[in-house]
Amino acid sequence: MSNLSRRSVLSLGAALGLAGVASTAAPAWAWSSTGSVAGTGSGADPWQVWDDPVDGLVAGLLDNGQVPAVNAALAAWANNDDPVPGGLPAALATHLQQAATLPSWADRAKLRLAADFNRRKDTYLFMLYGLGSGIMSTVIPREAESVYWSAGGATMKDRAAKTFTFGYDLSELTAFEPTGQFVVTANKTRLVHAAVRHLLPQSTHWRAVTDTQIPISNGDILVTFHSLGTFVHRKLLEWKVPMTAAEEDAFLHMWQVAIHLLGVRDEFIPKTWADANAQSAYALTPILAPTTEGKELAQDLLGLSAQVDLGVTRGFLNEFVRYVLNDKIGDWLSLPRDYAAAALVRTGWPAYIAFREGLLPVIPVGFYMFDQFVRALAMLFLNNGTSPTSTTIVIPTANRPG
Ligand code: HEM
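Residues numbered from 1 in each chain as written. Predicted model: local features only at pLDDT ≥ 70, side-chain atom pairs only at ≥ 80, totals over all residues. Heavy atoms only, no water.

K.L.:
Describe the site of the ligand, with residues and values.
P.N.:
In the vicinity of the ligand, 20 residues are found, and the nearest of them are S150, G152, R159, H193 and T224. Contacts to the ligand include S150, whose side-chain N or O atom sits 3.0 Å from an oxygen atom. At a separation of 3.4 Å, an oxygen atom of the ligand approaches a polar backbone atom of A151. Elements represented by at least two residues in the shell around the ligand include exactly α7 (141–149), α8 (156–171), α9 (182–199) and α11 (218–238). Classifying every residue of the shell around the ligand by side-chain character gives nine nonpolar, six polar and five charged. (Near = heavy atom within 4 Å. Polar contact = N/O pair within 3.5 Å; in protein donor to acceptor, adjacent residues only side chain to side chain. Helix = DSSP H or I, 4+ residues; strand = E, 2+ residues; numbered from the N terminus. Nonpolar A, V, L, I, M, F, W, Y, C, P; charged D, E, K, R; others polar.)

See below:
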């Protein structure tokens, strides 16, 4: 957007009372920390909280040209019980030794139950994270603009593969166990986010479109959590996928630990699903909006899924996305309509779930097509996308050039 920042255009639009001009500015924080895992709060506003000590540390590494050596040292660090690798700057090694551990409130039994739940419901989860949360991320303006203008935005295939690594490690049976990898993956991601906070403000492209000075605040991470965990939980309920109360609670607990490991303060992390839904209702829902960057990212992501044989047409894929999210988002992203496919999804998908869950005695029409579709998506996910050789999460040293 030439000389005008999107923010000034939005302010102008709002001043003129133009309908349909959505502000991407974050709403004031009005959520009480009594509903958090900490149970109490400092009164801080999570849109103004980043990851101070880690951000300063990583900014120093970038400024001193130490990041390539750090990436090389971190490459072999994979399992939760691997010691922090040697050869790292002392401050970083000290940080990782302290941060690559579960919080005191983590409940291993709940994490194991969540892992088992993930395994049993994996097909729905792949589908919801991939086609629901993944596409929703493109209509979260701050996220879409950050992802687009950071280095990885230029190679969506590779970036999507790395994001799958996070989801894959989180959904693994051993995710939080000593032999699992999630604690390490989350800590590497935390370092990547810290680097992005230092790098993106140096991008003239990003500065021209954003309404914020520094990306990826605690508030932004919470929004993304709601587009992932909270959204998926709500859809599973809506789709009547059988879950016990203990499983629902365990699934939330897994996400609570995950966002803690990403550097979100415990005073902002919702304690129950009711607390999470309340936070999501005003932190995520009202900020959803299309952006130029998001539209392009959505096309890239859908193009990526279409590269593997899902056994369905692109029209079906577009309609499935509309079904999982909604038509408003489908229209924002200009997903072409295919009304025959839409009708098939609307009737066939609930029947598919009901049959899989043993709630329908007769195999429904279209069962095998849906089955091939979910299996192909799961394979895409399990193969870490289509780029298995480049899925190591590395700290970036530059932004997208332009
Ligand atoms: C990088 C996950 C929140 C922007 C990453 C990576 C992962 C990840 C796994 C590493 C992938 C890579 O190296 O490309 C998550 C999760 C989040 C979250 C699980 C919340 C629950 C956010 C938010 C933003 C954001 C809120 C922006 C508002 C970025 C950017 C990169 C990144 C710009 C670097 C991309 C690159 O240049 O390669 N994130 N993220 N993330 N994330 Fe996040």
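K.L.:
So what about the pattern of salt bridges? Which residues, and what values?
P.N.:
Taken as a whole and assessed by the stated rule, the structure comprises 17 salt bridges. With a shortest N-O distance of 3.0 Å, D249 and K110 are connected by a salt bridge. Linking D249 in helix α12 (residues 245–261) with K110 in helix α5 (residues 108–120), this pair joins segments that are 139 residues apart in sequence. With a shortest N-O distance of 3.1 Å, D211 and R142 are connected by a salt bridge. Taken together, the residues D211 in the loop between α10 (204–209) and α11 and R142 in helix α7 connect sequence positions 69 residues apart. Within the structure, one salt-bridge network assembled from shared partners comprises E319, R322, D327, D331 and R337. (Salt bridge = Lys/Arg side-chain N within 4 Å of Asp/Glu carboxyl O.)

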